[in-house]
Amino acid sequence: LIGNLEERGLVQKALGTKRYVVGNQLVTLSAKVIAAAFRTARRHAVLRAVAGEIGEQCEIGVVRDDVVSYADSVRVSDAQGLQFNPGEAAPLHCTSTGKIYMSRLGEQARTKLCRALVLTRYTETTIVDFDTLMQMLEDTRRRGWAKTNEEYVKGVVGCAVPILSPDRELIACLGVSVPVARVTFAELDRFIPPLQKAAALLSETILQTEDDEDVAHG
């Protein structure tokens, strides 16, 4: 059984030991399951409600294969600037979801990942220095949520909060992207309370049975 799992990449041997750990294919599979779980009518309604309250595009992102993959998004009618659509991917080091994911890793794992990442410069404000990124992630860990200041696309700022499981493990992130001409980097802080409220609702629904899902889709 273990041999079959190892052959399929679901488990792998830890280096220098006989112990087995989670394999890359299992990580990918779990991320796909999480992404699919958020593409339901009930959870999309929560996303649509918070986007309407904030008045800006909101998206749900998960991390898969060291990139941020967007599971769902809602944009308001007059949305401009960066638009994350389901299935699209973005780098870890210059997105709010990526920062939250990395900040919640253990210190050793965080350091190893940051050293392995290609810190591509997308704009003048993209963080490409290892020490600066590590300090940013420590600040994010203490604060519990993340912001980006035109780091992926010039003229677009954003923030995100974690969506947690009942045992406080990270499931996904709920974020907002907005043109800096409309909302400044400093003004993003006002989006955090409604995002946190919506994230709590999403955390509650993730374990609920979707018995009325077919009705909702109809």
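To be clear, the structure that these remarks concern was listed above.
If you're wondering where the values come from, they're calculated on a predicted model, not measured in any experiment.

A. Structural context of the nonpolar core. Core analysis: the largest hydrophobic core is formed by 28 residues, its most contacted members being Cys58, Ile60, Leu174, Phe191 and Leu195. When residues of this core are traced back to their parent elements, those giving at least two are α3 (41–54), β3 (57–64), β4 (67–74), β7 (156–164), β8 (170–179) and α7 (192–205). Core analysis: the next-biggest nonpolar cluster, separate from the first, contains 15 residues, Val68, Ala90, Leu117 and Leu137 among them.

B. Representation of the side chain of Lys147 within the structure. Structurally, the position occupied by Lys147 is in strand β6 (residues 146–149). Its relative accessible area of 12% is what places Lys147 among the buried residues. At a separation of 3.3 Å, a polar atom in the side chain of Lys147 contacts the main-chain carbonyl oxygen of Phe185.

C. Focus on the packing of helix α4 (residues 96–103) against helix α6 (residues 130–143). Running from amino to carboxyl end, α4 crosses α6 at an angle of 80°, the nearest separation of the two axes being 8 Å. Regarding the angle of α4 to α6, the classification is roughly perpendicular. Contacts from Lys99, Ile100, Met102 and Ser103 in α4 reach Met136, Leu137, Thr140 and Arg141 in α6.

D. Main features of the pattern of salt bridges. Evaluated as defined, the whole model comprises seven salt bridges. Here Glu138 and Arg110 are joined by a salt bridge, their closest N and O atoms 3.3 Å apart. With Glu138 in helix α6 and Arg110 in helix α5 (residues 107–116), the pair connects residues that are 28 residues apart, well separated along the chain. Relative accessible area serves as the criterion here: at 7%, Arg110 is assigned to the buried category. Several salt bridges share partner residues, and in doing so they unite Arg110, Glu138, Asp139, Arg141 and Arg142 into one network.

What counts and what doesn't
- Residues numbered from 1 in each chain as written.
- Predicted model: local features only at pLDDT ≥ 70, side-chain atom pairs only at ≥ 80, totals over all residues.
- Heavy atoms only, no water.
- Core = buried A, V, L, I, M, F, W, Y, C linked by side-chain atoms within 4.5 Å.
- Buried < 20%, exposed > 50% of the residue type's maximum accessible area, 1.4 Å probe, protein only.
- Helix = DSSP H or I, 4+ residues; strand = E, 2+ residues; numbered from the N terminus.
- Polar contact = N/O pair within 3.5 Å; in protein donor to acceptor, adjacent residues only side chain to side chain.
- Axes fitted to C-alpha atoms, helices over the stretch in contact; angles between N-to-C directions.
- Parallel < 35°, antiparallel > 145°, perpendicular 65-115°, else oblique.
- Contact = heavy atoms within 4.5 Å.
- Salt bridge = Lys/Arg side-chain N within 4 Å of Asp/Glu carboxyl O.

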